[in-house]
Number of protein chains: 2
Amino acid sequence: MGEGGVEREDPARSVMAMLGDRWSPLLLLVLETGEWRHADLRRTAAALSAEQALSQRILTLKLRALERDGFVSRMVTDDVPPRVSYALTPLGRALVGELRRTISWLNERRGEIAAARRSYDELD
Amino acid sequence: MGEGGVEREDPARSVMAMLGDRWSPLLLLVLETGEWRHADLRRTAAALSAEQALSQRILTLKLRALERDGFVSRMVTDDVPPRVSYALTPLGRALVGELRRTISWLNERRGEIAAARRSYDELD
DNA sequence: CAGAATCCTGTATGATACTG
DNA sequence: CAGTATCATACAGGATTCTG
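Residues numbered from 1 in each chain as written. Chains lettered and ligands numbered in written order. Predicted model: local features only at pLDDT ≥ 70, side-chain atom pairs only at ≥ 80, totals over all residues. Heavy atoms only, no water.

As recorded in an unreviewed UniProt entry, chain A goes by the name Transcriptional regulator, listed as coming from Aurantiacibacter arachoides.

Okay, here's the thing in structure tokens:
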């Protein structure tokens, strides 16, 4: 239980937690550019993060959580092999707007925050 | 996609994670009202969360993290017993502005998100 | 009072193998 | 291709006890 944070109650808190987790913000930003299939989205998000790979399992968990809150839509055509695409909903696009605003606010203060950290860490 | 920044942030990611954690947002909102001492802040934050108590340890950890990033200032007078007060810095007040905007955006969409969840959970 | 030191638990994240 | 199913682990959060 508790996988993917799907059981949380208060939308404000759970969505803020989502925006602060490892992959969701990145997925939202990638999905903003259009429709993405599972494998491509996975590779692109991992490349952008410049960190480790994004596992299939985690990608699925994160997408399910975003879908559950109405930020992402999942489209399936029943071909074989299956073709599944993900995209932002209108609500998801609006959320990305908020996300971008927060990110740029933080980026504008990047230097100030970094300086505060240096100053704090430098004390014995 | 061009300008902005879809990728690596140091403060951006850690601060977003902070804003999404269990106590930091609440502490920022309480501290916005003025200067607070450890014990009072602890009690008040716990009361507002309507959840469990906030342990001394966690309060200290969260305050240290906020202080390190330059959002909170810690003032000590060397009396016995010690008197320690916490307050927002100007940067911290600005951060609370951003936090409030995000919170109210989410609160305005609370119904829509809740509906999406119900709809999602109802299937299967 | 404010906090440090310990110890403990749940949850998020991840690696890997398997399947319709 | 787009997932599940397992198994493993790191870490945030928290309960409790002690002290300058």
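From this point, things continue past the structure.
**Q** Looking at this model, I keep getting lost on the protein's contact with DNA strand D. Mind explaining?
**A** DNA strand D sits among 19 residues. The nearest are Arg74(A), Tyr86(A), Arg22(B), Arg57(B) and Lys62(B). Of all atoms in DNA strand D that approach within 4 Å of the protein, 60% are sugar or phosphate atoms. Within the side chain of Arg57(A), an N or O atom sits 3.4 Å from a base oxygen of DNA strand D. Arg74(A) has a polar side-chain atom sitting 2.5 Å from a phosphate oxygen of DNA strand D. If you list the elements that add at least two residues to the surface near DNA strand D, you get helix 3 (38–49), helix 4 (56–68) and strand 3 (83–88) of chain A together with helix 4 (56–68) of chain B. (Near = heavy atom within 4 Å. Polar contact = N/O pair within 3.5 Å; in protein donor to acceptor, adjacent residues only side chain to side chain. Helix = DSSP H or I, 4+ residues; strand = E, 2+ residues; numbered from the N terminus.)

**Q** Help me out: how do you make sense of the interface of chain A and chain B in this one?
**A** Interfaces are often sized by the amount of accessible area the parts lose when they come together. Contacts between the two partners involve 46 residues from chain A and, on the opposite side, 44 residues from chain B. Overall, the association of chain A and chain B removes approximately 4300 Å² of surface from exposure, summing both partners, and the carbon and sulfur fraction of that is 60%. Looking at the side of chain A facing chain B, the largest losses of area belong to Met16(A), Arg68(A) and Arg117(A), adding up to 17% of the total buried there. The interface formed by chain A and chain B holds 6 salt bridges in total. (Contact = heavy atoms within 4.5 Å. Buried area = accessible area lost by both parts, 1.4 Å probe. Salt bridge = Lys/Arg side-chain N within 4 Å of Asp/Glu carboxyl O.)

**Q** Looking at this model, I keep getting lost on helix 6 (residues 110–122) of chain B. Mind explaining?
**A** Three- or four-residue spacings in an α-helix give side chains the same orientation, since the helix completes a turn every 3.6 residues. With 13 residues, helix 6 of chain B ought to run about 18 Å at 1.5 Å a step, and its terminal C-alpha atoms sit 18 Å apart, in line with that. Where helix 6 of chain B is concerned, the buried positions are Ile113(B), Ala116(B) and Arg117(B). Looking straight down helix 6 of chain B, one finds its buried side chains confined to an arc of 100°; they lie on one side. Among the exposed residues of helix 6 of chain B, those pointing more than 90 degrees away from its buried face are Arg118(B) and Glu122(B). Those residues of helix 6 of chain B that are buried lie in contact with helix 1 (11–19), helix 4 and helix 5 (90–108) of chain A together with helix 5 (90–108) of chain B. (Expected span 1.5 Å × (residues − 1). Buried < 20%, exposed > 50% of the residue type's maximum accessible area, 1.4 Å probe, protein only. Arc of directions from axis to C-beta.)

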